[in-house]
Amino acid sequence: MNGKVIVVTGASGALGKVVATAALARGARVARLDHAATQAPATKDRIELGGVDLTDAVQTRRAIDAAASHFGRLDALVNVAGGFAFETIAEGDPKTWQRMFAINVLTALNASRSAIPYLEASGSGRIINVGSMGALQAGSGMGAYGAAKAGVHRLTEALAAEWKGKITINAVLPSIIDTAANRASIPDADFTKWVTPEELANVILFLASDEASGVTGALIPVGGRV
């Protein structure tokens, strides 16, 4: 990863922080994008772009352009930005479906479309999306979220087909990620079976590396020990 420039969306979240930190530790330069505001100063190795609404195509393009301008290039995009909602179809709000689509699919779409010109110019461009094993077979309460993440899966496959031979595009499909928020929401679970953010980051950064040049269009389950 030495010298590669990686953009991480949703970089203030539990997974995004770990991916960005791990990338820096491996010698990459990192642009952190998030909806949350930031006042962190830019350095030669990192830049934080906060207050970005990734559901807005114009805002997203400006942020991606700013990252590319700062580093002079982009080599990989990791689309971590997203969200979760648990509600049944019968008792839920139809607006939840719109929100899940916006924050999971549109964010990845807007970031990918904005980054693709830079990634193509890189010669070894990578896009890694975060899907979900829960979208492979949605259970009760998982309709809106599962449908949105299934959209991320199809987006990944379609982009991979369109840019085959130029950019590799893959997705990781975690089960439940071992975060403080997930532990609080399911306190009686066996946390040792969940995939850790560090384990997931390892797979993501492999897909962003030169070693993964032969992998594209893949939906890779990262299920921990479930």
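For the structure, check the block above.
Structure report, in brief.

**Describing the packing of helix α2 (residues 57–71) against helix α3 (residues 94–122)**
Okay, so step 1: Packing of α2 against α3 brings their axes to within 9 Å, and their N-to-C directions diverge by 35°. Crossing handedness for the pair α2 and α3: right-handed. Here Ala57, Thr60, Arg61, Ile64, Asp65 and Ala68 of α2 lie close against α3, whose contacting residues are Asn110, Ala111, Arg113, Ser114, Ala115 and Tyr118.

**Looking at the packing of helix α1 (residues 14–25) against helix α6 (residues 197–207)**
Okay, so step 1: It is the contact of α1 with α6, at a shortest axis distance of 9 Å, that shows an interaxial angle of 55°. Classified by the interaxial angle, the pair formed by α1 and α6 is oblique. For the pair α1 and α6, the sense of crossing is right-handed. In this structure, α1 contributes Ala14, Leu15, Val18, Val19, Ala22 and Ala23 to the contact, and α6 contributes Pro197, Glu198, Leu200, Ala201, Ile204 and Leu205.
Okay, so step 2: In terms of residue class, the contact of α1 with α6 is made up of 11 nonpolar, no polar and one charged.

**Digging into the pattern of salt bridges**
Okay, so step 1: The full count for this structure, using the stated rule, is eight salt bridges.
Okay, so step 2: Between Asp210 and Lys4 there is a salt bridge, with the nearest N and O atoms lying 3.0 Å from each other. Here the residue Asp210 occupies a position in the loop between α6 and β7 (219–222), and Lys4 occupies one in the segment before β1 (5–9), the gap between them amounting to 206 residues.
Okay, so step 3: Lys4 sits in the buried class, given a relative accessible area of 11%.
Okay, so step 4: Two residues, Glu120 and Lys166, come together in a salt bridge whose shortest N-O distance is 3.9 Å. Residue Glu120 is located in helix α3, and its partner Lys166 is located in the loop between α4 (143–162) and β6 (167–174); the two are separated by 46 residues in the primary sequence.

About the cut-offs
- Here the residue numbers are simple positions, counted from 1 along each chain's written sequence.
- Whole-chain, interface and lining totals are the exception, using all residues; otherwise, since this is a predicted model, local features are given only for residues with pLDDT of at least 70 and side-chain atom pairs are given and counted only at 80 or more.
- As a rule here, side-chain values come from all non-hydrogen atoms in the structure, and water together with hydrogens is ignored.
- Geometry is summarised by axes, namely lines fitted to C-alpha atoms with helices restricted to the contacting stretch, and by angles between N-to-C directions that run from 0 to 180 degrees.
- Every helix listed is a DSSP run of H or I at least four residues long, and every strand listed is a run of E at least two residues long, numbered separately from the N terminus.
- Two helices that cross are described as forming a left-handed crossing if the nearer one is turned anticlockwise from the farther one by less than a right angle, and a right-handed crossing if clockwise.
- Residue contacts are defined here by distance: any two heavy atoms, one from each residue, within 4.5 Å place the two residues in contact.
- For classification, angles of less than 35 degrees are called roughly parallel, those exceeding 145 degrees roughly antiparallel, those between 65 and 115 degrees roughly perpendicular, and all remaining angles oblique.
- When residues are grouped by polarity, Ala, Val, Leu, Ile, Met, Phe, Trp, Tyr, Cys and Pro land in nonpolar, Asp, Glu, Lys and Arg in charged, and all others, Gly among them, in polar.
- Here a salt bridge means any side-chain nitrogen of Lys or Arg lying within 4 Å of a carboxyl oxygen belonging to Asp or Glu.
- To sort residues, take the accessible area from a 1.4 Å probe on protein chains only and compare it with the maximum for the residue type: under 20% means buried, over 50% means exposed, and anything in between is partly exposed.

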